[in-house]
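# What the coordinates show
Each chain, written out:
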Amino acid sequence: MRTPLIAGNWKMNGTRAEALTWAAAAVEAAAESPNDAAVFPPDVWLAAVAEVVGDAIGLGGQACSWETSGAFTGATAATMLAEAGCSMVLCGHSERRHVFGETDAEVAGSVTRALEAGLTPVLCVGETLEEREAGRTRDVLLRQVDAGIGATRGPADPLIIAYEPVWAIGTGKAASPTEAAEAHAWIRARVAETDAERAAAVRILYGGSANPDNIGGFLEVPDVDGALIGGAALDPATFGRMIRHAPASAPEA
Ligand code: PGA
């Protein structure tokens, strides 16, 4: 069975003190939850947050370079994230693709560097509103999934996928569980084309205006294995409620 992963992407938010408070609250909520949890703080707070979270929850970087080291001002190598205490890293988050212009090839490179550094890549995929309205959602998702999976060394490599429709991120307009179900099924079927076992095991998270009121609807979808949460993860009580969310049928943790 795939244990749901409830992950908070803090983006470029939070003072050092807030980061430590938010991390401690996530650890506390995870201890009382049937779900796994993870946080993705800004790079500069990673080492301090690592001290707070230990092995209790996952810790990840928000992006890593497709280069290993060198003259790349402002970039962070996957090996540096690992040394700072990370176990995972987002690859190809929508803002990296659409604000900073990362290409499929660059995202693929960061997946490879993450794996080489011993990190689990969280491959983020998602269509823009224009692509959805043009009926191109499936094509876009499969292209992004193929590029990311092609960058892994084989089906035994760890991998998490996040479906985050670009139009739903930070807009307050989440996808419907039906829209998520369709997209997640397309993604899992594509993974199954290369390896059925990997497809059965890979966790596919939903992201895009997830909040405590709508998370239940997403987690009820069989192919949705958790959530990647931006805005709602910046309030520790709200994020804690989402980490603690248990399906009605699940035994109390
Ligand atoms: P949001 O962000 O929850 O604020 O929409 C999600 C994300 O970007 O991962």
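Preceding this section is the structure that the text describes.
Cut-offs and rules
- Residues numbered from 1 in each chain as written.
- Predicted model: local features only at pLDDT ≥ 70, side-chain atom pairs only at ≥ 80, totals over all residues.
- Heavy atoms only, no water.
- Buried < 20%, exposed > 50% of the residue type's maximum accessible area, 1.4 Å probe, protein only.
- Helix = DSSP H or I, 4+ residues; strand = E, 2+ residues; numbered from the N terminus.
- Pairing = 2+ DSSP bridges.
- Salt bridge = Lys/Arg side-chain N within 4 Å of Asp/Glu carboxyl O.

Moving on: the pairing of strand S6 (residues 160-163). Because side chains alternate across S6, one face comprises the buried residues Ile-160 and Ala-162, and the other comprises Ile-161 and Tyr-163, equally buried. One ladder, built from four bridges, connects strand S5 (residues 120-125) with S6; its direction is parallel. Pairing of Val-122 across the sheet is with Ile-160, part of S6. Bridging between S6 and strand S7 (residues 203-207) involves four bridges; their strand directions are parallel.

What the rule picks out here adds up to 15 salt bridges. With its nearest N and O atoms 2.9 Å apart, the salt bridge here joins Arg-96 to Glu-102. You can call Arg-96 partly exposed: its relative accessible area is 26%. By relative accessible area, which is 9% here, Glu-102 ends up buried. The partner of Arg-153 in a salt bridge is Asp-157, with the nearest N and O atoms 2.9 Å apart. Several salt bridges share partner residues, and in doing so they unite Arg-2, Arg-188, Asp-223 and Asp-225 into one network.

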